[in-house]
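Breakdown of the fold
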Amino acid sequence: MGQNHARVYRDLPGVTLEGVYDADMERAEEVAAEYHTEALKLGDLLDRIDLVSIAVPTQYHYDAARECIDAGVHVLVEKPFVDDPEDGRQLVEFARERGVVLQVGHIERFNPAVLTLMDLVDDLDIIAITAERLGPPLDREIDDSVVLDLMIHDVDVVLSIVGDKVTDANAVGTRDGNYAAANLRFGNGVVAELTASRVTQEKVRKLTISAADSRVKVDYIDQTIEIHRRSVPEYVRDNGDVRYRHESVVEQLTVDRGEPLKKELTSFVEAVRTGSEPAVTGEDGLRALELTHRLDELALPTDPDPDENRPPLVRD
């Protein structure tokens, strides 16, 4: 992900890509050569820059962010924000004390379809939300469970849509941590159902909102939004036969498509330039992280070594 940040920074107007740092200096030099910049030691890099993206394994986020903030450098930290929510709270407070912008990299907030959706949310009497984030096995090792790796995207989006506290949550998952499903209930009555998978032979990135007078379907991959309204069931006669049909008005919204990462980094740079609050604050990252940790714990099977002879809950 870090090399993608380097690519976008290189192309942003008014931004100079001063350098890259990686614990693997050979890798840093490869990326630096590709994007016409320098591979630097971290201290040297921090002396030369105003802002930075941290795209290292999650376990190193806190230490890296702390060092950058201490140097007075504005920071965007990739998701998940940190390993331990308490570390996240410390970073939020430290950034506030230092007057540094701290943004968390929840990139789906900047998906053009989600940006368009957020303009509609206030006009929707939302009943329920469903989200699917599915895909086949990866060809690289991921330390985080599917909840922390994938579902966290939808947790963040759903929290931003509903804007209320979660009052009830439950989740189930497979023992290998590659498939999980969760259900949420919010204080305002909205319910949400989230599914994430790294073992599904189809890539799906979709979110659906059921509202009192409409159904809104968002496709993250195609960056499209459909709104179904005035659904009318009826029985009709066809050559003497009676059949049932359901008709509705379908509206295809215009979405200003583009690369979410470019929109995310543009937003970060603007927050730094203007001193304004970033679109995804440290507090936003903490809320998503705390709920995701809770769901991850709930999804983890409580019996790591099941007894194959145990009778099933339901018999034929």
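Details of the structure are given in the entry above.
To keep things clear, this report deals only with the structure shown in the data block. (Residues numbered from 1 in each chain as written. Predicted model: local features only at pLDDT ≥ 70, side-chain atom pairs only at ≥ 80, totals over all residues. Heavy atoms only, no water.)

1. A closer look at the nonpolar core
Put simply, the rule reads: Here, nonpolar core means buried Ala, Val, Leu, Ile, Met, Phe, Trp, Tyr and Cys residues that are tied together by side-chain atoms lying within 4.5 Å of each other. When accessible area is computed with a 1.4 Å probe and restricted to protein chains, residues below 20% of their type maximum are described as buried, those above 50% as exposed, and intermediate ones as partly exposed. Helix numbers and strand numbers start at the N terminus; a helix is a DSSP run of H or I with at least 4 residues, a strand a run of E with at least 2.
Judged by nonpolar contacts, the single largest core of 43 residues is most densely connected at Leu207 and Leu295. The element contributing the most residues to this core is helix 7 (residues 146-162), with 11 residues.

2. Examining helix 7
Residue pairs three or four apart in sequence face the same way in an α-helix, which turns once every 3.6 residues. For clarity, the threshold we go by: Here the expected span of a helix is defined as 1.5 Å times the quantity of residues minus one. Bend angle per residue: angle between axes fitted to the 7 residues ending at that residue and the 7 residues starting there.
Taking 1.5 Å of rise per residue, 17 residues should cover 24 Å, and helix 7 covers 23 Å from first to last C-alpha, within 8% of that figure. Residue Ile152 marks the point of greatest curvature in helix 7, where the axis turns by about 50°. In terms of burial, helix 7 is largely enclosed, as 16 of its 17 residues are buried.

3. A few points about the packing of helix 1 (residues 2-11) against helix 8 (residues 260-274)
Counted only if it meets this: Lines fitted to the C-alpha atoms define the axes, with helices restricted to the stretch that makes contact. Angles between their N-to-C directions range from 0 to 180 degrees. If an angle is under 35 degrees, it is roughly parallel; if it is over 145, roughly antiparallel; if it lies from 65 to 115, roughly perpendicular; otherwise it is oblique. When the near helix sits turned anticlockwise from the far one by under a right angle, the crossing is termed left-handed; a clockwise turn instead gives a right-handed crossing. In what follows, a contact means two residues having at least one pair of non-hydrogen atoms within 4.5 Å. Lys, Arg, Asp and Glu make up the charged group, whereas Ala, Val, Leu, Ile, Met, Phe, Trp, Tyr, Cys and Pro make up the nonpolar group; the residues left over, Gly among them, are polar.
Taken N-terminus to C-terminus, the directions of helix 1 and helix 8 make an angle of 65°; their axes are 10 Å apart at the nearest point. Classified by the interaxial angle, the pair formed by helix 1 and helix 8 is roughly perpendicular. Considering only the axes of helix 1 and helix 8, their crossing is right-handed. Contacts from Asn4, His5, Arg7, Val8 and Tyr9 in helix 1 reach Leu261, Lys262, Glu264, Leu265, Phe268 and Val269 in helix 8. A class-by-class count of the residues in the contact of helix 1 with helix 8 yields 6 nonpolar, 2 polar and 3 charged.

4. Some words on helix 1
If you check which residues of helix 1 are buried, you get His5, Ala6, Val8 and Tyr9. Close packing links the buried residues of helix 1 with helix 2 (25-34), strand 1 (51-54), strand 2 (74-78) and helix 8.

5. As for the environment of Tyr220
Its location among the elements puts Tyr220 in the loop between strand 9 (214-219) and strand 10 (224-238). Note: C-alpha distance between Tyr220 and Ala113 (107 residues apart in sequence) is 6.5 Å. In contact with Tyr220, not counting residues within four places along its chain, are Glu108, Asn111, Val114, Arg133, Asp154, Val157, Arg205, Lys206 and Leu207.

6. A closer look at the packing of helix 7 against helix 9 (residues 282-299)
Where helix 7 contacts helix 9, the two axes come as close as 9 Å, and the packing angle between them is 125°. With respect to helix 9, the axis of helix 7 lies oblique. In the packing of helix 7 onto helix 9, the handedness of the crossing is right-handed. Contact with helix 7, carried on its side by Val147, Leu148, Met151, Ile152, Val155, Asp156 and Leu159, involves Asp284, Arg287, Ala288, Leu291, Thr292, His293, Leu295 and Asp296 of helix 9 and no other residues of that element. For the contact of helix 7 with helix 9, the per-class residue count stands at 9 nonpolar, 2 polar and 4 charged.

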